[in-house]
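# Summary of structural features
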Amino acid sequence: MTPASYTYDGTLAGLLTLYAYLLAEPAEVERISAVVADQQNLFTAEVSIATDQAAAEEFWQRLTKRLSDNALKLLRRCLLADHPQQELLIYHFLLLEGEQGKKIDGMLAHPWVAQVWKLSQQVAREAHRYLGFVRFQQVQGGLYYAAIRPDHRILLLIGQHFADRFADQQWIIHDQHHGEAILYDAEKKEWLLLPMKLHAQPEATPQETQFQQLWRCYFSTLAIPERTNLKLQQGKVPLKTRSCLTEFTV
Amino acid sequence: MAADLMDKLKILADGAKYDVSCSSSGSSRSNSGGIGSAASCGICHTWTSDGRCVSLLKILMTNACIYDCAYCVNRRSNDTPRVALSPAEVAELTIGFYRRNYIEGLFLSTGVVRSPDYTMELLIQAVRTLREEYRFNGYIHLKLVPGADPLLVQQAGHWADRVSVNLELPTSSSLQLLAPDKSRDAVVQPMRQVNQLITINRAERKQSRKVPRFAPAGQSTQLIVGASNESDHQIVKLSEQLYQRMELKRVYYSAFIPVNQDTRLPARPVAPLKREHRLYQADWLLRYYGFSADELLDEARPNLDSELDPKTGWALRHIELFPVEINRASYEELLRVPGVGVLSAQRIIRARRQGHLGLDDLVRLGVVMKRARYFVTARGRSLEAAALDSSSLRSRLIDKTTGRKPQQLSLDFSSPVDDETRSLITGQL
Ligand code: SF4
């Protein structure tokens with residue numbers, strides 16, 4: 001059989017349905033891509049797989065039972081990645097896992113495992129960085145709002161950290177890049193992930209403005225002029241992250 | 001809260017910024033009803049234009065001081081405006097910053113006012129306010145004032161995650177010359193006491209988990225490098241003792257940057273940051289790679305090589321031990337191969353259980369082949385045709401960054417808990 005290209009509807013359930021389908025009769029795959037339903041082209045050679053919620057859930061159940069904690073962690077992180085080839089990389093990993101079972105955990109040097117590991121490291125590293133890069137501002141009504149623009153969809157990886165830390169405060173972390181947000185409810189002590197768009201800039205309280213000024217003042221005092229090293233700083237705080245960081249905005 | 005607070009913040013942050021201990025790791029506190037938690041792996045919140053990580057609100061309670069240490073901006077004889085925050089103001093600032101996720105917690109230091117005891121009490125009051133009134137569970141690093149009563153030292157460790165007293169100068173003679181008001185004893189005494197209290201606390205907590213923790217993130221200290229004439233060998237030896245005998249969690253090195261005109265102080269030393277960087281690398285080798293100070297340096301070679309990292313330097317002096325066969329070498333042997341870090345050594349051990357590794361596999365396991373290629377074989381094969389000879393190897397391995405501006409090591413995470421952060425700091429030595 002010649003390698004084929006597959007499409008799914010862009011949802012997690014759609015992707016899992018596709019994996020369940022492909023792994024039932026392992027085939028060579030050239031490309032897997034997400035295609036929003038109304039953009040599907042009837043005349044391409046792509047095979048499109050319709051989402052089947054039940055099949056997806058059953059597949060996920062089976063997978064979580066089979067995989068080691070470590071492999072599951074890799075998989076979860078890669079599913080949250082925003083990378084042009086992540087679907088295919090994960091497929092290869094699952095294919096190998098089907099052949100090798102638990103042995104896959106030690107196969108760190110296998111190219112298919114190494115690729116998935118590398119991607120998962122990128123996601124994990126960004127998630128870790130955003131534990132520090134979230135900046136809440138207090139808006140009218142006492143809510144704390146933070147905007148972020150990460151490369152990967154890391155919200156699910158950082159939610160619990162913030163829920164533990166800011167348990168007594170009402171907050172939202174909004175991923176403006178992927179259009180989703182975590183809402184934390186301090187009464188119920190629960191958080192959930194929702195799609196979200198911002199229609200207006202939130203209005204800061206006077207106290208908020210004061211703390212922002214204090215923070216900028218503190219930040220600019222800290223640097224030691226004799227040690228200036230902007231390149232190092234840029235490696236640590238890439239320019240694209242700065243629009244959401246209080247200390248880099250006026 | 002007004003412009004007044006802003007001015008105070010500026011002055012008091014400026015006075016604290018030369019203290020390099022920035023890490024907020026090594027303590028885990030869960031949030032029990034209030035606000036905050038201390039994460040066991042360090043979290044940096046931003047980086048300043050000198051590339052240093054910001055994780056704590058690092059601030060002095062006051063910059064007034066009755067002492068006159070030669071190297072210090074806050075010394076008595078400097079003509080600068082003196083200001084102070086009240087314990088309540090410190091607590092309010094900390095909470096305001098913390099709620100906005102600017103910081104991991106507080107690093108509170110101070111000049112000495114009236115007496116060491118009086119000053120220590122002020123610091124403790126600020127921390128108590130945070131812990132008791134605000135129910136703050138975030139990270140707190142508290143400076144101990146040399147000469148303070150042992151009872152106060154004990155209280156400090158009760159409220160803080162980490163306590164520290166800075167040795168500043170490696171030998172008592174330099175301390176006497178540059179910080180005549182402080183005796184070596186006044187500095188070492190609280191350090192010893194804290195070490196004992198930590199040991200006792202550990203034993204008590206084995207008996208019962210209900211015993212409250214004492215300074216769970218341990219203690220650290222700082223050495224100023226280049227203000228006095230000690231060699232790297234003396235410094236690294238001292239650090240080794242501090243880790244072994246005092247069980248310090250970290251020794252920080254701060255390249256001396258003159259802030260005062262003083263005849264007792266040297267002029268600005270050459271390449272101070274490079275030296276600081278090499279000392280951190282050597283320190284890393286002591287703590288995580290199983291090296292001893294005497295393996296890295298000795299009286300005949302008292303200073304670290306500026307052109308080579310200390311591990312590569314060691315390997316070139318022991319060329320007879322190389323190359324090592326990657327499929328057979330022990331973990332300890334792997335750690336000593338230039339280009340192999342802690343993480344890649346662990347991955348090699350795990351991966352080779354599934355079968356023999358080839359040279360190509362090493363790259364995928366995170367080994368830096370640029371350095372490692374001269375020191376390893378895989379299934380008996382090497383990337384280098386000819387045998388090793390240390391002088392020609394040296395010229396190939398010389399740090400390419402040497403000619404450029406000295407690179408600064410970033411002092412962000414201190415704990416090796418998190419595998420991602422580890423490779424960031426070690427740069428895979
Ligand atoms: S005691 Fe501390 S603050 Fe006072 S002069 Fe000495 S180093 Fe500076």
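Please read these numbers as outputs of a predicted model, since none were measured by experiment. (Residues numbered from 1 in each chain as written. Chains lettered and ligands numbered in written order. Predicted model: local features only at pLDDT ≥ 70, side-chain atom pairs only at ≥ 80, totals over all residues. Heavy atoms only, no water.)

## Things to note about the domain arrangement of chain A
Residues and elements named next belong to chain A. Stated formally: Each domain span listed reflects an automatic or database assignment of domains. Put simply, buried area is how much 1.4 Å-probe accessible surface two parts lose in total, over both of them, once they are put together. When a carboxyl oxygen of Asp or Glu is within 4 Å of a side-chain nitrogen of Lys or Arg, the pair counts as a salt bridge. Polar contact is defined as a pair of N or O atoms within 3.5 Å, subject to the rule that within protein one atom must be able to donate a hydrogen and the other to accept it, and that residues adjacent in sequence are counted only when both atoms are side-chain atoms. A run of H or I in DSSP counts as a helix once it spans at least four residues, and a run of E counts as a strand once it spans at least two, with each numbered from the N terminus. Residues are sorted three ways: Asp, Glu, Lys and Arg are charged, Ala, Val, Leu, Ile, Met, Phe, Trp, Tyr, Cys and Pro are nonpolar, and all the rest, Gly among them, are polar.
For chain A, the assigned domains are domain 1 (4-127) and domain 2 (137-248). Taking the mean C-alpha position of each, domain 1 and domain 2 sit 31 Å from one another. The contact between domain 1 and domain 2 buries some 920 Å² in all, and 60% of this surface belongs to carbon and sulfur atoms. Contact with domain 2 buries area across many residues of domain 1, yet Leu80, Asp82 and Glu126 alone supply 62% of it, more than any other trio. Between domain 1 and domain 2 we count zero salt bridges in total. For the pair domain 1 and domain 2, the interface holds five residue pairs in polar contact (both at pLDDT 80 or more). When contributions to the side of domain 1 that touches domain 2 are tallied by element, the ones reaching two or more residues are helix 3 (69-79) and helix 5 (111-133). For the side of domain 1 that touches domain 2, the element with the most residues is helix 5, which contributes four residues. When its residues are assigned to classes, the side of domain 1 that touches domain 2 shows four nonpolar, one polar and four charged.

## So, the state of the cysteines
Cysteine pairs can be covalently joined through their sulfur atoms, and such a bond is termed a disulfide. To keep things clear, this is the line we draw: For this text, the term disulfide refers to a pair of cysteine sulfurs within 2.5 Å. Note on classification: 1.4 Å probe, protein chains only; a residue is buried when its accessible area is under 20% of the maximum for its type, exposed when over 50%, partly exposed between these limits.
For the structure shown, the criterion picks out one disulfide over all chains. Residue cysteine 217 of chain A stays outside any disulfide, its sulfur separated by 19 Å from that of cysteine 53 of chain B, the closest cysteine. Exposure remark for cysteine 217 of chain A: the relative accessible area of 7% places this residue in the buried category.

## A word on the environment of leucine 12 of chain B
All names here are of chain B. Selection rule: Note on contacts: a residue pair is in contact if any heavy atoms of the two residues lie within 4.5 Å.
Within the element layout of this structure, leucine 12 appears in helix 1 (residues 3-16). A C-alpha to C-alpha distance of 5.6 Å links leucine 12 and isoleucine 59, two positions 47 residues apart in sequence. With residues up to four places along the chain from it excluded, the contact list for leucine 12 reads Ile59, Leu60, Met61, Thr62, Asn63, Val83, Ala84 and Leu85.

## Considerations on the packing of aromatic side chains
Rules: Each aromatic pair joins two rings of Phe, Tyr and Trp (for Trp, the six-membered one) with centres within 6.5 Å, and gets the label stacked for planes under 30 degrees apart, edge-to-face for over 60, and tilted for any other angle. To sit over a ring, a charge needs its Lys NZ or Arg CZ within 6 Å of the ring centre and within 35 degrees of the ring normal.
All told, the structure shown has 26 aromatic pairs over all chains when counted by the stated rule. Taken together, Phe136, Tyr144, Phe162, Phe166, Trp171 and Tyr184 of chain A together with Tyr98 and Phe136 of chain B form an aromatic cluster joined through their ring pairs. Note that arginine 336 of chain B overlies the ring of phenylalanine 291 of chain B, its terminal NZ or CZ placed 4.0 Å from the centroid. Between arginine 336 of chain B and the ring centre of tryptophan 314 of chain B, over which it is positioned, the NZ or CZ distance is 4.9 Å.

## Let's talk about the interface of chain B and chain A
In this complex, chain B contributes 67 residues to the contact, which on the side of chain A involves 61 residues. Carbon and sulfur atoms supply 57% of the area that chain B and chain A bury against each other, a total of about 5700 Å² over both sides. For the salt bridge of aspartate 168 of chain A with arginine 99 of chain B, the shortest nitrogen-to-oxygen distance reads 3.1 Å. Our enumeration of links across chain B and chain A arrives at 24 residue pairs in polar contact (both at pLDDT 80 or more). Listed by contribution, the elements that provide at least two residues to the side of chain B that touches chain A are helix 1, strand 1 (46-47), strand 3 (56-60), helix 2 (87-99), helix 8 (272-288), helix 12 (342-352), helix 13 (359-364) and helix 16 (419-426) of chain B. The residue makeup of the side of chain B that touches chain A, split by class, is 28 nonpolar, 17 polar and 22 charged.

## Observations regarding the sheet that holds strand 8 (residues 250-255) of chain B
All names here are of chain B. Note the threshold: Here, strands pair whenever DSSP counts at least two bridges between them. Comment: axis = line fitted to C-alpha atoms, over the contacting stretch for helices; angle = value between 0 and 180 degrees taken between N-to-C directions.
Taken in spatial order, the six strands of this open sheet run 3-4-5-6-7-8, and their pairing is parallel. Of all the strands in the sheet, the pair left with one neighbour each is strand 3 and strand 8. Averaged over all adjacent pairs, the angle separating strand axes in this sheet is 20 degrees, with direction ignored. Where helix 7 (residues 232-245) meets the sheet, its contacts fall on strand 7 (219-225) and strand 8, and the angle it forms with strand 8 comes to roughly 155 degrees.

## Structural notes on helix 4 (residues 86-100) of chain A
Residue and element names in this part refer to chain A. The cut-off we apply is this: Each residue after the first adds 1.5 Å to the expected span of a helix.
Taking 1.5 Å of rise per residue, 15 residues should cover 21 Å, and helix 4 covers 21 Å from first to last C-alpha, within 8% of that figure. With twelve of 15 residues buried, helix 4 is to be regarded as a mostly interior element. Within the span of helix 4, buried status applies to Gln86, Glu87, Leu88, Leu89, Ile90, Tyr91, His92, Phe93, Leu94, Leu95, Leu96 and Glu97. Its buried side turned inward, helix 4 meets strand 1 (4-8), helix 1 (12-24), strand 2 (29-34), helix 2 (53-66), helix 3 and helix 5. Following helix 4 by one or two positions, glycine 101 adopts a phi angle in the positive range, close to 60 degrees.

## A short note on the sheet that holds strand 5 (residues 144-148) of chain A
Residue and element names in this part refer to chain A. Ordered in space as 4-5-6-7-8, the five strands form an open sheet in which the pairing is mixed. Because the sheet does not close on itself, it has two edges, and the strands there are strand 4 (137-138) and strand 8 (190-195). With five bridges connecting them, strand 6 (residues 171-175) and strand 7 (residues 180-185) associate as antiparallel partners. Note that in strand 7 the partner of histidine 174 across the bridge is alanine 181.

## Quick word on the nonpolar core
As a reminder, the rule being used: Nine residue types can take part in a nonpolar core, namely buried Ala, Val, Leu, Ile, Met, Phe, Trp, Tyr and Cys, and a core is a set of them joined through side-chain atoms within 4.5 Å.
Ile32 and Trp171 of chain A together with Phe97, Met120 and Phe375 of chain B are the most contacted members of the largest nonpolar core, which totals 192 residues. Residues within four places of tryptophan 171 of chain A in sequence aside, it is in contact with Phe136, Leu143, Tyr144, Gly159, Phe162, Ala163, Phe166, Ile182, Leu183 and Tyr184 of chain A. With six residues, the next largest nonpolar core counts Ala147, Ile172, Ala181 and Cys244 of chain A among its residues.

## Re the packing of helix 7 (residues 206-222) of chain A against helix 2 of chain B
What counts is decided by this rule: Any angle that falls under 35 degrees is termed roughly parallel, while one over 145 is termed roughly antiparallel, one within 65 to 115 roughly perpendicular, and all others oblique.
In contact at an axis separation of 10 Å, helix 7 of chain A and helix 2 of chain B are set at 95 degrees when each is read in the N-to-C sense. Taken as axis vectors, helix 7 of chain A and helix 2 of chain B run roughly perpendicular relative to one another. Note on element contacts: helix 2 of chain B touches helix 7 of chain A through Glu92, Leu93, Gly96 and Phe97 of chain B, opposite Phe211, Leu214, Trp215 and Tyr218 of chain A. Along the lines of polarity and charge, the residues of the contact of helix 7 of chain A with helix 2 of chain B split into six nonpolar, one polar and one charged.

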